[in-house]
Amino acid sequence: MSNTTEQVVEVSRRDVLKGGAALTVAFFLPARGRATDGNADAAFAPNAFVRITPDDVVTVYAKHLEMGQGVYTGLATIVAEELDADWSQVRVEGAPANAKLYNNSAFGPMQGTGGSTSIANSWDQLRKAGATARALLVTAAAQRWGVPADEITVSRGKVEHAASKRSARFGELVAEAAKLPVPKDVKLKDPSQFTLIGKDTIRVDARDKANGTAMFTQDVRFPGMLTAAVVHPPRFGAKVKSFDAAKARAVKGVKTVVAFETPVRSGVAVLATDFWTAKKAAESIAVEWDETNAFRRSSADILAEYRELAKQPGRSARSEGDVEQAFKSAARVLEAVYEFPYLAHASMEPLNCVVRIGARECEVWNGEQFQTVDQASIARLLGLPPSNVRLHQLYAGGSFGRRANPKSDYLLEAVAIAKAAGVDVPVKLVWTREQDTRAGFYRPIYVHALKAGLDKDGNLIAWRHRIVGQSIMGEAALFGPPQAIDTTSVEGASTLPYSIPNLAVELHTTKVGVPVQWWRSVGSTHTAFSTECFLDEIARATGRDPYEFRRSLLSSKHSRHLAALDLVAEKSGWKNARPKDEVWGLALHESFNSVVAQVAQLKRLGDGFKLHKVVCAVDCGLAINPNIVAMQMESGIGYGLSAALTGAITLRDGVVEQGNFDDYPVLRMNQMPAVDVYIVPSQANPTGVGEPATPVIAPALANALATATGKPVYALPLSAQGITLA
Amino acid sequence: MITLDINGKTFETDADPDTPLLWVLRDHLGLTGTKYGCGKALCGACTVHLNGQPVRSCVMPVSAAANAKITTIEAVGESAVGKAVQDAWAAESVAQCGYCQSGQIMSATALLMTNKSPTDEDIDAAMSGNVCRCATYVRIRAAIKRAANALS
């Protein structure tokens, strides 16, 4: 199965409902992985999500970006389940940009992928899409055979009437099915009838991603295409004053050199026949920068400011009881301050995209995560209607949030370069790893100050949590005016599930000048750490077991927390004696409507430790594909662990000090623990899995380290605290 | 002109001799299965085989690859070991975003060509130069062991 590069273009619902003939417009990329699509004219497409052709291929249009999280497989599984298709006949294509047909209902009237919402927001929609197509195929068969529809069964792509021993493949029925009126209401399956959901069907992209044929934006090539390499400013906010490109222009293969400016970034671009030629030429360009408005602060200075702010009351994000009064009456008070650095997403595929500016339209090839925003941004830059910006979907080599850029930064850069160059051929913008790392849009720096009050019996009676940092949503400025409290700054803290009679969460929102963005699990990347580490500190201070302590603070209304916590305790053997050379740490956190609990198991090795295993329990509602849920838990653990161990972007005098995997180290094979994943059985609607495992590993690991060494971890990454694991 | 032997076929390229093999493969010859990740031999996404040895094509000048037998992801499956590795990759559901997996598979195949039953330590040593940001490492390890079993 393959991610083909054919696209539906701007199909109105009416056209789609009619099963319109001109459903697809082919364009040509290197001809690999294109679906067999012999008979487009006779296609049957009862809605915008499923299309069946006479060759018996079921094509599912995925409105969400496949960036590794397995969403193509998950979305197709839902459709195929209700359609009763055979998994082997199912193909997936990225849907085009169309906010009417393909909006993310969790985002409102916009198309985009994020917040671990893809399956959750598609669940009802795609069940209905599959069931509708099935109903029409059944009606078509009933009419053809002159039998009652309710005597017809469908299984694995075959429509059958047992009594008359007649059967037909889907492909044989599409011509008749396409002529039928689309029913408004269709019956959905009872979960007991599921044959694909809950099974570990093989991913639709597994084969192509093992043989090099999966198509990423980086792989898009066109005859005559130019590749742009760029010179970026040394500091955020610096602008090109002048540049000398005489040497660059003289290089064979260089077509032109232009300055560009977007709302995000100013720079110089070399357009050449290939990347290496463009890059070498770009390195020869001398640029003089206007740094009048350049950002010139340092991480150390930002942290110092935040530490002071954390001593002052902030704006209230949650308030119950009277914490200050409770502290006065407390027999004992504990305090801790936690610090978190900027983090880069550092996807494997350095950011890149291909654009072609035509007379009245613009085409973009990209692993598209934020269609509606990107269409609008590009349309604004070019003075086009948004619908004239056509987005062609490709696989993304990771994202972790980065490709849903609120300013469409790299896309606008490519468009600005193509526009400045005045070319109508496709232009591929390719950033180097260093440019990708230094381009900003980081997980922000945060400082948290926590204070707990205990009564004379050691009961937790008061909890105050102050958070200081930039507002991701406020700076994104996409969803109306900035809110007094950016919920993504406090999520996980303001939603603390533990029953504490006096509880306050406060926020200081800062303005810094470093572009920030959502990073896999957003606010939870820092709130899970401070809350779960501080909770363990209280448990240690009062001599309580971390599992029993959490349990005692969770009421029955947090049954999913209790289920995940109990499951991880049971499967890890938390209540049993540990192996002599092991120390374990526990953490529990809800994000994106899923609850994850993890036990990090450290093994002593000489003077140090190795994280040899993580036991993970998750309640994510109904697991569409349990194997993919497990993959996402493993992935989240690895991504979160990478940040916990060594992840830090630091600035000195406004310059980002890291650039590549040598100075921004990421997790490698020898550092990856074994991971055991257990899913809480559930028939509830599915919830997120792409992000929720990410924030839990750092506190689980830090709690194990604190238990082992007696020294709590108050700042990440561990490497900056002199802590390395074997 | 530099003559290259890639996947059993002969190619001529007029690229500058200092152009990394990676960019000749990708931009000049259209063999885009080999990926650019870091440009400094730090991530392994660009791994190809040069006379059977895994090399980072992003730092190897194309001139150094002349007269050598180059194998890329596009043809690694033609060998029994490469095919077993690719099959194991699918069976273990290794790939997530998939961008690094060409390089992972080239490194894993090179390992199994010289070591029929690698230990965990062997796998760590052979594979720690290949970065995966989706952290598919647990499954890469399992897939290498599965491929080793299939070949034994």
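Visitor: Just checking my understanding: could you explain the overall build of chain B for this structure?
Guide: Assigned secondary structure in chain B consists of seven helices and five strands. The order of helices and strands in chain B, counted from the N terminus, is β-β-α-β-β-α-β-α-α-α-α-α. Since a compact globule built from 152 residues should have a radius of gyration of about 15 Å, the 15 Å found for chain B is in line with a globular shape. Expressed along its principal axes, the backbone C-alpha trace of chain B runs to roughly 45 × 30 × 25 Å. Residues counted as buried form 61% of the 152 residues belonging to chain B. When the accessible surface of chain B is totalled, it reaches about 5,200 Å², and 50% of it is carbon and sulfur. Within chain B, the 14 negative side-chain charges are centred at a point lying 8 Å from the centre of the 13 positive side-chain charges.

Visitor: Looking at this structure, how should I read the interface of chain B and chain A?
Guide: For interface size, the figure often reported is the accessible area lost on association. Opposite the 52 residues of chain B that make contact, chain A presents 56 residues. Where chain B packs against chain A, one counts seven salt bridges. As a salt-bridge pair, E634 of chain A and R139 of chain B come within 2.8 Å of each other at their nearest N and O atoms. At the junction of chain B and chain A, the tally comes to 30 residue pairs in polar contact (both at pLDDT 80 or more). Only α1 (21-28), α3 (73-76), α4 (80-91), α5 (101-114), α6 (120-127) and α7 (137-151) of chain B provide two or more residues apiece to the side of chain B that touches chain A. Sorting elements by how many residues they give to the side of chain B that touches chain A places α7 of chain B first, with five residues. Taken together, the residues of the side of chain B that touches chain A break down into 25 nonpolar, 15 polar and 12 charged.

Visitor: Is there a simple way to explain the pattern of salt bridges in this structure?
Guide: Opposite charge on two side chains permits them to pair, given that their charged atoms come into close proximity. All names here are of chain A. Enumeration according to the criterion identifies 54 salt bridges over all chains in this entry. Here D581 ties to K603 by a salt bridge, and the two come within 3.8 Å at their closest N and O atoms. Remark: K603 occurs in strand β25 (residues 594-605) and D581 occurs in the loop between α17 (559-572) and β24 (582-591); sequence separation between them is 22 residues. By relative accessible area, K603 is classed as partly exposed at 27%. As a salt-bridge pair, E657 and R652 come within 2.9 Å of each other at their nearest N and O atoms. Its relative accessible area of 58% is what places R652 among the exposed residues. Each member of the salt-bridge network shares a partner with another, and the members are E66, R203, D205 and K209.

Visitor: Hey, could you run me through unusual backbone geometry in this one?
Guide: With glycine set apart, most residues show a phi of negative sign, and most peptide bonds adopt trans. All names here are of chain A. In this structure, the amide linkage connecting L716 to the following residue, P717, adopts the cis form with an omega of 0°. Structurally, the position occupied by P717 is in the segment after α19 (694-709). Of note in this structure, S521 is not a glycine but carries a positive phi near 90°. On the secondary structure map, S521 appears in the loop between β23 (502-510) and α15 (524-541). Of the residues examined, S521 reaches a relative accessible area of 0% and is grouped as buried.

Visitor: Looking at this model, I keep getting lost on the environment of A245 of chain A. Mind explaining?
Guide: All names here are of chain A. On the secondary structure map, A245 appears in the loop between β11 (239-244) and α6 (246-249). According to the relative accessible area criterion, A245 is buried, its value standing at 4%. Sequence separation between A245 and Q89 is 156 residues, and the spatial gap between their C-alpha atoms is 54 Å. For A245, the contacting residues outside a window of four places in its chain are V257 and I285.

Visitor: Looking at this structure, how should I read the packing of α5 of chain B against α7 of chain B?
Guide: Helix-helix packing is described using two parameters, namely the angle between the two axes and the distance between the axes. All names here are of chain B. Close contact between α5 and α7 brings their axes to 11 Å; oriented N to C, the two are set at 40°. Comparing the axis directions of α5 and α7 gives the class oblique. The way α5 lies across α7 gives a crossing that is right-handed. Contacts between α5 and α7 involve Q101, Q104, A108, L111 and L112 on the former and, on the latter, I140, I144, A147 and A148. Looking at the contact of α5 with α7, its residues break down into seven nonpolar, two polar and no charged.

Visitor: When you look at the pairing of strand β4 (residues 53-56) of chain B in this model, what are you seeing that I'm missing?
Guide: Residue and element names in this part refer to chain B. Pairing between strand β3 (residues 47-50) and β4: four bridges, direction antiparallel. Across the sheet, residue T47 finds its bridge partner in β4, namely R56. If you look at the hairpin formed by β3 and β4, you'll find two residues sitting between the two strands, and N51 has a positive phi there, around 50°.

Visitor: Teacher, can you tell me more about helix α8 (residues 299-309) of chain A here?
Guide: Residues and elements named next belong to chain A. Inspection of α8 places S299, I302, L303 and Y306 among the buried residues, and these make up the whole buried set. Each buried residue of α8 sits inside an arc of 95° when the element is viewed along its axis, so together they form one side. Buried residues along α8 sit in contact with β16 (332-340), β21 (446-454), β22 (460-470), β23 and β27 (651-652).

Visitor: Could you clarify how one ought to interpret the packing of aromatic side chains in this entry?
Guide: Aromatic ring pairs are reported here in terms of the distance separating the ring centres and the angle at which the planes meet. On inspection of all chains with the given rule, the structure shows 20 aromatic pairs over all chains. Judged by centre distance (5.7 Å) and plane angle (45°), the rings of Y72 of chain A and Y395 of chain A are tilted. Of this pair, Y72 of chain A sits in helix α2 (residues 71-83) while Y395 of chain A sits in the loop between β19 (389-393) and α11 (409-421), placing them 323 residues apart in sequence. An identical accessibility class is assigned to Y72 of chain A and Y395 of chain A; each is buried. Judged by centre distance (5.3 Å) and plane angle (90°), the rings of F216 of chain A and Y99 of chain B are edge-to-face. Within this pair, whereas F216 of chain A is found in the loop between α5 (170-177) and β10 (226-231), its partner Y99 of chain B is found in the loop between α4 and α5, the two belonging to separate chains. Grouping residues by exposure puts F216 of chain A and Y99 of chain B together as buried. Here a set of aromatic residues connected by ring pairs shows up, and it is made of Y72, F216 and Y395 of chain A together with Y99 of chain B. Of note, K209 of chain A hangs over the ring of Y395 of chain A, and the distance from its end group to the ring centre comes to 4.3 Å.

What counts and what doesn't
Throughout, residues of each chain are indexed from 1 in the direction in which the sequence is written. Think of it this way: whatever chain is written first is A, whatever ligand is written first is 1, and the rest follow in order. Reporting of local features is limited, given that this is a predicted model, to residues whose pLDDT is at least 70; pairs of side-chain atoms are given and counted only at 80 or more, and all residues count toward the totals for whole chains, interfaces and linings. Each side-chain value is derived from all of the structure's non-hydrogen atoms; neither hydrogens nor water enter the calculation. Each helix is a run of DSSP H or I of at least 4 residues and each strand a run of E of at least 2, with the numbering of both proceeding from the N terminus. The globule rule used for comparison is 2.2 Å times the number of residues to the exponent 0.38, while the radius of gyration itself is calculated over C-alpha atoms. For every residue, the accessible area obtained with a 1.4 Å probe (protein chains only) is divided by the maximum for its type, and the residue is called buried under 20%, exposed over 50%, and partly exposed between those limits. Note on areas: Shrake-Rupley with a 1.4 Å probe; residue coverage comes only from the protein chains shown. His is not counted, nor are the chain ends, whereas Lys and Arg count as positive and Asp and Glu as negative. Taken as the charge location is NZ of Lys, CZ of Arg, CG of Asp or CD of Glu. By definition, residues are in contact when any of their heavy atoms lie within 4.5 Å. The salt bridge criterion pairs a side-chain nitrogen of Lys or Arg with a carboxyl oxygen of Asp or Glu, the two atoms within 4 Å. Identification of polar contacts relies on pairs of N or O atoms within 3.5 Å, with a donor-acceptor requirement for protein atoms, meaning one able to donate a hydrogen and the other able to accept it, and with residues adjacent in sequence counted only if both atoms are side-chain atoms. Under this grouping Gly is polar, as are all residues other than the nonpolar Ala, Val, Leu, Ile, Met, Phe, Trp, Tyr, Cys and Pro and the charged Asp, Glu, Lys and Arg. Each axis is a line fitted through C-alpha atoms, and for a helix only the stretch in contact is used; angles between axes span 0 to 180 degrees, taken between their N-to-C directions. By definition in this entry, angles of less than 35 degrees are roughly parallel, angles greater than 145 are roughly antiparallel, angles of 65 to 115 are roughly perpendicular, and the rest are oblique. Working rule for handedness: look at the near helix, and if it is turned counterclockwise from the far one by less than a right angle, call the crossing left-handed; if clockwise, right-handed. A strand pair is defined by DSSP finding two or more bridges across the two strands. When we speak of the arc, we mean the arc of directions from the helix axis to the C-beta atoms. Stacked, tilted and edge-to-face pairs are distinguished by plane angle, under 30 degrees for stacked and over 60 for edge-to-face with tilted covering the rest, among Phe, Tyr and Trp rings (Trp via its six-membered ring) whose centres lie within 6.5 Å. Here, a charge over a ring means that NZ of Lys or CZ of Arg falls within 6 Å of the ring centre while also lying within 35 degrees of the ring normal.

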